[in-house]
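# Understanding the architecture of this molecule
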Amino acid sequence: MPGMADIQARERWEQRTQGPLLLLSVLFAVAYAVPIVRPDVAPWVKDACRAVEWGVWAVFAVDYAVRLWLSPRRWRFVRGQPLALLAVLLPLLQPLRLLRLVSALLLVGQRARMVSRVRVTTYVAGSCAGLLVFGSLAVLEVERKAPEGNIETLGDAVWWSFTTMTTVGYGDLAPTTGVGRLLAVGLMLSGIALLGVVTANIAAWFIARFDEEEAIEQRQTAAIEALTAEVRALRTEVAELREERAAPGGPDAGPASGTAGHLSSPRS
């Protein structure tokens, strides 16, 4: 069956490439962070980091093209994974670092959801950490050189991202540029969504534990009831056997009658 063979080929490709692509995403994170954390690095280092960013994006784009080519129903594949297509097309629309950051996050998240062994909690925790780090780097990049900006160090950016993601918003630090405020909106919405997933997952874990304990108690109760019924049946059977042995002509009465007849025969 050719369609099934193509699906299996795509699954083998995804299994073989998910590890290298995740490593490339880590490399992208380093290349993105170095020029922001160390703005005084040599120009060739910045050029190398920029080349790494575009190179990682190109690898993810090739991966998407290969998966699309291996899919028996390509249009269904495109409709089923709109985020992956959007992430591939974003850098072509406008070559901005922020768009490349968003596209890389979307691509990494898309591939991470394909890992069957990754639990929801682990994925959400990793997403929160990645969003916190990349959000801090992005807001630091756009706010550090702003005339009225007050987010000037990485520590300030991390603190602002954390308070924004948790929707606490102390107000001591705030973006002043349009891009920075757009980042704030994205962090707030993403933080609410991720924290909601974490809360729901924890609640589901407690419910599952309670259901498991209740199922164990039900099995124990059923076993006790079955054992009690069996003991009652055995008692009834023992009582019936005793009645049969004690009844006239029963097994217990036979030997006594025989003995009495044997003793009365001499007198006759």
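Predicted model, so just to flag it, every value in this text is computed and none were measured.

Definitions and cut-offs
Residues numbered from 1 in each chain as written. Predicted model: local features only at pLDDT ≥ 70, side-chain atom pairs only at ≥ 80, totals over all residues. Heavy atoms only, no water. Helix = DSSP H or I, 4+ residues; strand = E, 2+ residues; numbered from the N terminus. Buried < 20%, exposed > 50% of the residue type's maximum accessible area, 1.4 Å probe, protein only. Contact = heavy atoms within 4.5 Å. Patch = residues over 30% accessible without salt bridge, like charges linked within 9 Å, V, L, I, M, F, W, Y side chains within 5 Å. Areas by Shrake-Rupley, 256 points an atom, 1.4 Å probe, with all protein chains shown as cover. Salt bridge = Lys/Arg side-chain N within 4 Å of Asp/Glu carboxyl O. Lys, Arg positive; Asp, Glu negative; His and termini not counted. Charge placed at Lys NZ, Arg CZ, Asp CG, Glu CD. Phe/Tyr/Trp six-rings, centres within 6.5 Å; stacked < 30°, edge-to-face > 60°. pLDDT = per-residue confidence, 0-100.

### Brief notes about the overall build of the chain
Along the chain, the regular secondary structure elements total nine helices and zero strands. Across the chain, helices and strands are ordered from the amino to the carboxyl terminus as α-α-α-α-α-α-α-α-α. The buried share of the chain, reckoned over its 268 residues, is 28%. When contacts within the chain are restricted to residue pairs at least 6 apart in sequence, long-range pairs at least 24 apart make up 62% of them.

### As for the environment of Glu141
Within the secondary structure, Glu141 is located in helix α6 (residues 120–143). Classification of Glu141 by relative accessible area gives partly exposed; the value is 27%.

### Description of a negative patch on the surface
There is a patch of like negative charges on the surface, built from Asp211, Glu212, Glu213, Glu214 and Glu217. With respect to the helices and strands, Glu212 occurs in helix α8 (residues 178–246). On the basis of relative accessible area, Glu212 is assigned to the partly exposed category, the value being 46%.

### With respect to the pattern of salt bridges
The full count for this structure, using the stated rule, is three salt bridges. A salt bridge links Asp40 to Arg38, with the nearest nitrogen and oxygen atoms 3.5 Å apart. The class for Asp40 is exposed, based on a relative accessible area of 59%. One salt bridge in this structure joins Arg67 and Asp63, with 3.3 Å as the shortest N-O distance. With a gap of four residues between them, Arg67 and Asp63 both fall in helix α2 (residues 43–70), about one helical turn apart. The exposure class of Arg67 is buried, given its relative accessible area of 2%.

### A short note on the packing of aromatic side chains
The full count for this structure, using the stated rule, is five aromatic pairs. On the numbers, 5.6 Å between centres and 85° between planes, the contact of Trp54 with Trp57 is edge-to-face. Remark: Trp57 and Trp54 occur in helix α2; sequence separation between them is three residues, near one turn of the helix. For Trp57, a relative accessible area of 15% corresponds to the buried category. Linked through ring pairs, Phe28, Tyr32 and Phe134 together constitute an aromatic cluster.

### Some details on the confidence of the model for the chain
In this model, the chain carries an average pLDDT of 76, and 76% of its residues clear a pLDDT of 70 or more. When pLDDT is averaged over each helix and strand of the chain, the minimum, 48, is found for helix α9 (residues 253–264) and the maximum, 89, for helix α7 (residues 154–165). Note on residues 114–118: pLDDT under 50 across the span, and six contacts to partners over four residues away in sequence or across chains. In this model residues 256–268 is a low-confidence stretch, pLDDT under 50, and it forms zero contacts with partners more than four residues away in sequence or in other chains.

### Some remarks on a nonpolar patch on the surface
A surface patch of nonpolar side chains, about 490 Å² in accessible area, is lined by Val198, Ile202, Trp205, Phe206 and Phe210. Along the chain, Ile202 turns up in helix α8. Judged by its relative accessible area of 44%, Ile202 falls in the partly exposed class.

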